[in-house]
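Analysis of the macromolecular model
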Amino acid sequence: MTLRHEPPYVLALDQGTTSSRALVFDVRGTLVASAQKPHRQIYPQSGWVEHDPLEILARQTEVMKEAVAACGVSPKLIRAIGITNQRETVVVWERATGRPIHNAVVWQCRRTAPDCDAIRAQGLAPRIADRTGLIIDAYFSATKIAWILDHVPGARDRAARGELLAGTVDTWLLHHLTGGRVHATDPSNASRTMLYDLHENRWHEELLGIFRVPAAVLPKVLPSSGVFGTLDPSFLGEPIPIAGIAGDQQAALFGQACFTPGMVKNTYGTGCFLLMNTGRTPVRSRKGLITTVAWDLGDGPSYALEGSVFNAGSVIQWLRDELHLISSAAECDRLAESVPDTGGVTVVPAFTGLGAPYWDSYARGTITGIHRGTGRAQIARAVLESIAFQSDEVIRCMAEDAGAPILSLRVDGGASVSDFLMGFQADLSGVPVDRPAVVETTAFGAACLAGLATGVWPDLDTVGRVRATERVFHPSLPDAERARRLAGWRDAVRRTLSGDLPGRGEEPAG
Ligand code: ADP
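A short tour of the structure in this document, coming up. (Residues numbered from 1 in each chain as written. Predicted model: local features only at pLDDT ≥ 70, side-chain atom pairs only at ≥ 80, totals over all residues. Heavy atoms only, no water.)

Thoughts on the sheet that holds strand S21 (residues 408-412)
Basically, it comes down to this: Strands are labelled as partners when DSSP assigns at least two bridges between them. Secondary structure is summarised from DSSP: a helix means a run of H or I of at least four residues, a strand means a run of E of at least two, and numbering begins at the N terminus for each. Between N-to-C directions, angles cover 0 to 180 degrees, with each direction set by a line fitted to C-alpha atoms, over the stretch in contact for helices.
The strand order across the open sheet built from seven strands is S17-S18-S16-S15-S21-S22-S23, with neighbouring strands paired in mixed fashion. Strands with a single pairing partner mark the edges of an open sheet, and in this sheet they are strand S17 (290-296) and strand S23 (469-473). Strand-to-strand twist across the sheet, computed as the mean angle between neighbouring axes with direction ignored, equals 30°. Pairing between strand S15 (residues 263-268) and strand S16 (residues 272-279): five bridges, direction antiparallel. Counted as the bridge partner of Asn 266 is Leu 274 from S16.

So, helix H1 (residues 53-71)
The line we're drawing: To estimate the expected span of a helix, count its residues, drop one, and scale the result by 1.5 Å. Remark: exposure states derive from per-residue accessible area (1.4 Å probe, protein chains only) relative to the maximum for the residue type, with buried under 20%, exposed over 50%, and partly exposed in between. A 3.5 Å cut-off defines polar contacts: any pair of N or O atoms within that distance qualifies, except that in protein one atom must be a possible hydrogen donor and the other a possible acceptor, and neighbouring residues in sequence count only when both atoms are side-chain atoms.
A rise of 1.5 Å per residue sets the reference length of H1, with its 19 residues, at 27 Å; its end C-alpha atoms lie 27 Å apart and thus fit the reference within 8%. Here H1 has its buried residues at Pro 53, Glu 55, Ile 56, Leu 57, Gln 60, Thr 61, Val 63, Met 64, Ala 67, Val 68 and Cys 71. Where H1 begins, the capping side chain belongs to Asp 52, and its oxygen is found 2.9 Å from the backbone nitrogen of Leu 54. One or two positions beyond H1, positive phi appears at Gly 72, with a value near 65°.

A look at the packing of aromatic side chains
Put simply, the rule is: Each Phe, Tyr or Trp ring, with Trp reduced to its six-membered ring, pairs with another whose centre is within 6.5 Å; inter-plane angles below 30 degrees give stacked pairs, above 60 give edge-to-face pairs, and intermediate values give tilted ones. Over a ring means this: the NZ of a Lys or the CZ of an Arg is within 6 Å of the ring centre and within 35 degrees of the ring normal.
The full count for this structure, using the stated rule, is 13 aromatic pairs. A centroid spacing of 4.9 Å and a plane angle of 55° characterise the contact between Phe 254 and Phe 259, whose relative ring orientation is tilted. Accessibility classification places Phe 254 together with Phe 259 in one group, the buried group. One aromatic cluster is present, formed by Phe 389, Phe 420, Phe 424 and Trp 489 through successive ring pairs. Taking NZ or CZ as reference, Arg 111 lies 4.5 Å from the ring centre of Trp 147, over its face.

Below you can see the structure in the form of structure tokens.
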């Protein structure tokens, strides 16, 4: 029998917003086995989102055991564990028992929006942006931790006595997986809390003061690639080192081997998440992008610029579920390719406003250029194109902010399977679009961080070679044609912006 997989193995734990997954990779980067289980989304009231931390821990532990059992190799051959996680979500728990004192407050949760308004009203936004690279928003962890401490009776006193611990989901899992021995996180997660100074690489007392978070509850920040602790043998029977941690988007940037400044990854999911490696200096955006730590391999942080597209794959879902123009996402592709162009139709899917570089939360979607001959194929094509146009605008912001051109665009996520979309992205952005063979880049990134720390892969070059390209889409559109297409898009966007429409300043219904 030929050996299909080659030891040693690395186990990646991918704790996401809706499910927990565990994936085993071999030394060649081949996915050997995986398991996945969802957890409940808890909505206590409008705009609030919670998870049960114990449920997350239980599901994550179950899938870890399942994946290891499924790959049929001895846990002795698993050299390291990497953790990647939904970012910004926070848990507060008892140091002595490991029991959470409240449900996890999830990144999507808007309950602390008024607290953020109050901090903004004090004029603190520029100082906070300077230190953290972030824009004050309920999305980030700081106000969520303070909320739990303020709303659970006695929590502030207990925190002052050192009885409570807090952290993002990586920290919560790490605590339990190490049998309660380790309270740590990595800088990619820390940099999403709004408590972490990007330049000094530490929790900053000024931020702790502004957000009223006691230093005593916070984890130690250790390099993303390095041994954080050892898996308690009660889980798999072996004390496997937990040797890599990164937030999901940063892990994907690493898994895509975007190690050089100027390299960008785009995850085409429900929305798009774009990250650009900017090297050793945190670049402050003038376009409303976020500055974040990409990772720390033990020799200091690397940074990234981050931007997102609010509606991407969701627009395909809208075609399917609301307009009933298609029956599946794959049909959208086939339709788009059945016509040579959109016949002048442009879809601007500003369902929830427009992000970078417009930042118009009152904008709503438009379809322009419709004529009597417009059919569903043209609309389907314009929908896929809209995903590329919106991504391109973020890419252009990144290039301007970084003052350097984009070298390559590496892609993953559900909609990256669309050859039409990837080809159009390459044409529009004028860069090669590189789609990997293993599209599980988030989990793969966590595995790479852990494997790098434990000698599974000796150096970054080796890690880079483990990532295999499935296909590269080369730009072929003439410059003049690209300029014409971009001008058409901007014209459609102009019609979408709320501008001086009556009623601006009030949130439209729906
Ligand atoms: P998320 O992690 O945000 O839930 P995924 O990475 O699973 O998202 O991607 C799901 C998205 O991919 C869906 O919104 C869907 O519209 C899109 N998608 C799936 N298959 C295709 C396809 N063949 N062509 C284009 N888009 C697709």
